Amino acid sequence: MPKSANEYLASGPRFAEGEVIERIETFRRRRPRLLDEHVTLAHGAGGKASAALVDAVFMEAFRNPVLECLGDGAVLALPGGERMVMSTDSFVVQPRRFPGGSIGQLAVHGTANDLAVAGAVPQWMSAAFVLEEGFAIAELKEIVADMAAAAAATGIQLVTGDTKVVPNGAADGVFITTTGTGIIPEGRQLSPASVRPGDKVLLSGSMGDHGMAVMLARGDLAIEADIRSDTASVSPLVEALLAAAPSTRWLRDPTRGGVGTVCNELAQACGLAVLLEEDRLPVQPMVSGACELLGIDPLYVANEGKFVAVVAPEEAQAALAVIRSHPLGAQAAVIGEIMAEPAETVIVRTGFGGTRIVDMLVDDPLPRIC
């Protein structure tokens, strides 16, 4: 029997008697307000500042029913009855090459993954390059070769694009913007509106590999660890999941802001609570150690080859088995479940039996990770 909000939050020593309701109301979603007068790095981190910027600037100007869904891809109805997904992303990562991947691979995988978790089969992609004067042609060829190889492996075709060159000092080498499209198979429905209390929350692998790999590759920290980015196309794994668990409710790839931010977005979209079990969250030991040294919660660290899935409870074991049978999902786990209360809140139950609330990411601990 699901516990009430008071029972969950009062069950741990973190909350004193009488504070529970006040804390729930404090952490429940408020419409983000843009108070800044200038853009900061936090506006690109995928958390509260990003949401405020999108709502106050872009939604204010472009508001329409499709955009208001605020997914990573827009689901569009075609005249013949088919549905397609279109997604746009930009890639400005520094360094451009890091253990396990490169900006070129990210540009393809990031776009393809946004399509896949919206239920689409990735098919076509465009790419626009902003090049800084003086950028080495040899490095540009390497980036493009990485993109071509990733596209071929993903099954997506690059069919159009654009190139602009800006004066030296006006950019940081190369920025890449991509747009991808894919078709949703007939009968496939993924939506936060279909999420129900009792549904299980799955994570397809370990958290934080990409963010930590990029952070350490910058060389600014005196930390040496064999951490590789998880950048990869999740489309084959998504298709296997949906075949094994056709009642899957919702999918999302936890990139900027990590699993914590994505779960908050889910909780707000469906109006329910997400309960995560701390001892089930998969984190590589080296990633965990690096996060501890830097004072960063792995829940907020970016991933580029993982997804969070909400599945029907009766299909959870079948879903977990098929994900684990794939090389990309060997460390997959059921990390929690959906609860009725406290609404629009993410809670982590700790290994000591207490609880803590996971809020939306506020600051920008890992700038330019994609």
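Residues numbered from 1 in each chain as written. Predicted model: local features only at pLDDT ≥ 70, side-chain atom pairs only at ≥ 80, totals over all residues. Heavy atoms only, no water.

**Side note on the overall build of the chain**
This is how it is decided: Only runs of H or I of at least four residues qualify as helices and only runs of E of at least two qualify as strands under DSSP, and these elements are numbered from the N terminus. Put simply, the radius of gyration uses C-alpha atoms, and a globule should come to 2.2 Å times the residue count raised to 0.38. Only protein chains enter the accessibility calculation, which uses a 1.4 Å probe; a residue is then buried when its area is under 20% of its type maximum, exposed when over 50%, and partly exposed in between. Residue contacts are counted whenever heavy atoms from the two residues lie within 4.5 Å of one another. Only the protein chains shown count as covering a residue, and every accessible area follows the Shrake-Rupley method with a 1.4 Å probe.
Within the chain one finds 10 helices and 14 strands. Computed over its C-alpha atoms, the radius of gyration of the chain comes to 20 Å, within 12% of the 21 Å expected for a compact globule of 370 residues. Dimensions of the chain along its principal axes, counting C-alpha atoms only, are 65 × 55 × 45 Å. Burial analysis of the chain (370 residues in total) assigns 49% to the buried set. The contacts in the chain between residues at least 6 apart in sequence include a share of 82% that link residues at least 24 apart. Summed over all atoms, the accessible surface of the chain reaches about 17000 Å², with 54% contributed by carbon and sulfur.

**Observations concerning the sheet that holds strand 6 (residues 157-166)**
Heads up, the condition is: When DSSP finds two or more bridges between a pair of strands, those strands are recorded as paired. The axes used here are C-alpha line fits, helices contributing only the stretch in contact, and every angle between their N-to-C directions lies in the interval 0 to 180 degrees.
An order of 1-2-7-5-6 is seen for the five strands of this open sheet, with the pairing classed as mixed. With one partner strand each, in any of the chains shown, strand 1 (74-77) and strand 6 form the two edges of the open sheet. Here the strands of the sheet are splayed against their neighbours by 20° on average, with no regard to which way each runs. Of the strands in this sheet, strand 2 (83-91), strand 5 (121-132) and strand 7 (174-184) are in contact with helix 4 (residues 103-117), which crosses strand 2 at around 150°. Against the sheet, helix 5 (residues 137-154) engages strand 5, strand 6 and strand 7, with an angle of about 170° to strand 5.

**With respect to the sheet that holds strand 9 (residues 250-252)**
If you trace the seven strands from one edge of the open sheet to the other, you get 9-11-8-12-10-13-14, paired in mixed fashion. Unpaired on one side and paired on the other, strand 9 and strand 14 (355-357) mark the two borders of the sheet. Shown here is a sheet whose adjacent strand axes are inclined to one another by a mean of 25°, direction ignored. Pairing of strand 8 (residues 200-203) with strand 11 (residues 308-311), which is carried by four bridges, proceeds in the antiparallel orientation.

**Quick notes on the UniProt feature "domain: PurM-like N-terminal" (unreviewed entry) in the chain**
In plain terms, the rule: UniProt positions are given in the numbering used here, feature names are shortened, and annotations may be inferred rather than shown by experiment.
If you check UniProt for "domain: PurM-like N-terminal" (unreviewed entry), the listed places come out as residues 72-184 in our numbering. Split by type, residues 72-184 is 29% helix and 44% strand. Its first and last C-alpha atoms lie 15 Å apart.

**Looking at the nonpolar core**
Test applied: To form a nonpolar core, buried Ala, Val, Leu, Ile, Met, Phe, Trp, Tyr and Cys residues must be joined to one another through side-chain atoms within 4.5 Å.
Val108, Phe129, Ile143, Met147, Val174 and Ile176 are the most contacted members of the largest nonpolar core, which has 28 residues in total. In this structure, Leu203, Trp250, Val259 and Tyr300 belong to the second largest nonpolar core, which totals 27 residues.

**Remarks on the pairing of strand 5**
The pairing of strand 5 with strand 7 spans 10 bridges and is classified as antiparallel. Bridging from a neighbouring strand, Pro122 pairs with Gly182 of strand 7. Note that strand 5 and strand 6 share nine bridges and pair parallel. Looking at the pairing, Met125 lines up with Leu158 of strand 6.

**Details of the environment of Gly258**
For Gly258, the location among the structural elements is in helix 8 (residues 258-270). Assessed through its relative accessible area of 0%, Gly258 is described here as buried. Linking Gly258 and Met207, residues 51 residues apart in sequence, is a C-alpha distance of 7.8 Å. Among residues more than four places away in sequence, those in contact with Gly258 are Leu299, Tyr300, Val301 and Asn303.

**Regarding the pattern of salt bridges**
Test applied: For salt bridges, the criterion is a side-chain nitrogen of Lys or Arg within 4 Å of an Asp or Glu carboxyl oxygen.
Following the criterion strictly, the structure yields 14 salt bridges and no others. Residue Glu139 pairs with Arg96 through a salt bridge whose shortest N-O separation is 2.7 Å. Here Glu139 is found in helix 5, whereas its partner Arg96 is found in the loop between strand 2 and strand 3 (97-98), with 43 residues between them in sequence. For Arg96, a relative accessible area of 17% gives the class buried. Its salt-bridge partner being Asp199, residue Arg249 comes within 3.0 Å of it at the nearest N-O pair. With Arg249 in the loop between helix 7 (235-244) and strand 9 and Asp199 in the loop between strand 7 and strand 8, this residue pair connects regions lying 50 residues apart in the sequence. Taking relative accessible area as the criterion, Arg249 reaches 18% and is therefore assigned buried. Overlapping salt bridges bring together Asp72, Arg252 and Glu265 as one network.

**Brief notes about the domain arrangement of the chain**
Under the convention used in this document: All the domain ranges listed were derived from an automatic or database domain assignment. Summed over both partners, the accessible area (1.4 Å probe) lost when two parts come together is defined as the buried area. Whenever a nitrogen or oxygen atom comes within 3.5 Å of another N or O atom, the pair is scored as a polar contact, on the condition that within protein one atom can donate a hydrogen and the other can accept it, and that pairs from neighbouring residues in sequence are kept only if both atoms are in side chains.
Along its sequence, the chain is carved into domain 1 (64-184) and domain 2 (192-358). Taken over both partners, the interface formed by domain 1 and domain 2 buries close to 1700 Å², and the fraction arising from carbon and sulfur atoms is 56%. Among the residues domain 1 hides against domain 2, the three largest losses belong to Pro99, Asn113 and Val117. Together they make up 31% of the total. For the pair domain 1 and domain 2, the number of links is one salt bridge. Put simply, Asp72 and Arg252 hold a salt bridge, and the shortest N to O gap is 2.9 Å. Here domain 1 and domain 2 share eight residue pairs in polar contact (both at pLDDT 80 or more) between them.

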